[in-house]
Amino acid sequence: MNTELSDMIRKICREEGFFKTGFSKIDSLRNESDYLRRWISEGRNADMNWISNSADKRENPRLIMDDAVSMISLAYLYDTPFEHETDKPKISRYAWGKDYHKILKKKLKAACGKIGVLDSAVKTKFYVDDGPVLEKSWAVKSGIGWQGKHTNVIEPECGSFFFLCGILINKELDYDKPAEDLCGSCSVCVAACPTGAIYEPYKLDANLCISYQTIENRGEIPSFIETDGWIFGCDICQDVCPYNRKKFFTDDKSFFPNPAHFNKSREELSSFTEEQFNTVFSGTPVKRTKFSGWKRNLSVNI
Ligand code: B12
Ligand code: SF4
Ligand code: SF4
């Protein structure tokens, strides 16, 4: 085991703002792979073909980096002290501020740069929601938290409002124990989901999920999906989770809500021209839905 390197990596990642770092050995994800294959074969990935097309790599990170030995899993808080006004259209918390891909990639690059200085034989490759990596499965193995019945990873103290990142590294590290499942007999999230997307505890059908429909779907939103006031993403299953009661906020202002769109009425948001949409949401996750998706999301279920 490589205790000195492991301690240094934890320190570097903390300096970059990650609140939790965990290590796991790269070996087979047999149970998770079986589920992933079944999930895809049942069409639960909707039209996210980029998941099925890269299933081999998701199962085996050595197809991405052949000399990968360990996975470094990282968690970065994004919740803020702000709240939605309940009568206004809602954007999910992770998308209130700037695009996390950009912000966290900078931090990952800086962390990998510092890790490289520790040992010239170190090789790393990093991801934040932008590669064929089962980030949640690795986060569980690395002891960051467990996958709740809503399928997001929950850290026992801080809840689930955090982004996950992964760094593949060609070095052995001091591995963490996988996190223990603390959902117990609770099933509040399953009951609260308005569309039945959590069709069984720990299992999500993207076709029914408001998050998929308002972010990833490029076509019409089926009329039987009640979007419940959400116009980009959905936080219902996490908002009701008892592990999110304590409220741990990020001190990174990049994720604080932009007043140009936060808690505005449907009329105000609907009046944005394409140019205004592009200006207000430039460099934010909401840009992903494009102006046509924005207009569609604002016009359903009213
Ligand atoms: C595709 C995707 C989506 C899809 C599908 C979601 C899903 N649950 O898979 C859609 C568009 C719906 C989506 C929505 C959201 N997403 Co998303 N998404 C992803 C992505 C790109 C891949 C996830 C994946 O591999 N899904 C495939 C399926 C097979 O995985 P799974 O559902 O987790 O299935 C596992 C478990 O169910 C488990 N399992 C199966 N049976 C059983 C039984 C038991 C007993 C147990 C314990 C486990 C278990 O095994 C499976 C394989 O590991 C990841 C980034 C990444 N590269 O990992 C982000 C990611 C998961 N998303 C994230 C976020 C923030 C969200 C939203 C909260 C955004 C929002 N506010 O709208 C919602 C949450 C919706 C929800 N309840 O899950 C974060 C989650 C962070 C966290 N704390 O966990 C990630 C990790 C992005 C990131 N880098 O931060 N997302
Ligand atoms: S994000 Fe919303 S629609 Fe999707 S599973 Fe959670 S509560 Fe259901
Ligand atoms: S609401 Fe309950 S069942 Fe759902 S993830 Fe949280 S603790 Fe688990």
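Before reading on, note that the structure itself is shown above.
Rules used in this analysis
- Residues numbered from 1 in each chain as written.
- Chains lettered and ligands numbered in written order.
- Predicted model: local features only at pLDDT ≥ 70, side-chain atom pairs only at ≥ 80, totals over all residues.
- Heavy atoms only, no water.
- 1 Å grid on protein atoms, 1.4 Å probe; cavity = no way out; pocket = protein on both sides within 12 Å on 5 of 7 lines; lining within 4 Å.
- Points joined across faces, edges and corners; volume = space filled by probe spheres on them.
- Nonpolar A, V, L, I, M, F, W, Y, C, P; charged D, E, K, R; others polar.
- Pairing = 2+ DSSP bridges.
- Helix = DSSP H or I, 4+ residues; strand = E, 2+ residues; numbered from the N terminus.
- Axes fitted to C-alpha atoms, helices over the stretch in contact; angles between N-to-C directions.
- Contact = heavy atoms within 4.5 Å.

Novice: Please provide a residue-by-residue account of empty space enclosed by the protein, values included.
Specialist: Going through the model one piece at a time under the given rule, you end up with three cavities of 30 Å³ or more. Around the largest cavity, the lining residues are Lys149, His150, Ile154, Cys183, Cys186, Val188, Cys189, Cys241, Pro242 and Tyr243. Tallied by class, residues from the lining of the largest cavity come to eight nonpolar, one polar and one charged.

Novice: Could you give an account of the sheet that holds strand 4 (residues 124-127), naming the residues involved and the relevant values?
Specialist: One open sheet holds the four strands; their spatial order is 1-2-7-4, and the pairing between them is antiparallel. Edge strands, defined here as strands with exactly one partner in the open sheet, are strand 1 (20-25) and strand 4. Sheet twist, expressed as the average angle between the axes of neighbouring strands with direction ignored, equals 20 degrees. Of the pairings in the sheet, the one linking strand 4 to strand 7 (residues 162-169) comprises four bridges and is antiparallel in character. Its bridge partner lying in strand 7, threonine 124 is registered against isoleucine 169. On the sheet, helix 1 (residues 3-15) packs against strand 1, strand 2 (70-77) and strand 7 and is oriented at approximately 140 degrees with respect to strand 1. Lying on the sheet, helix 5 (residues 100-118) is in contact with strand 2, strand 4 and strand 7; it crosses strand 7 at an angle near 35 degrees.

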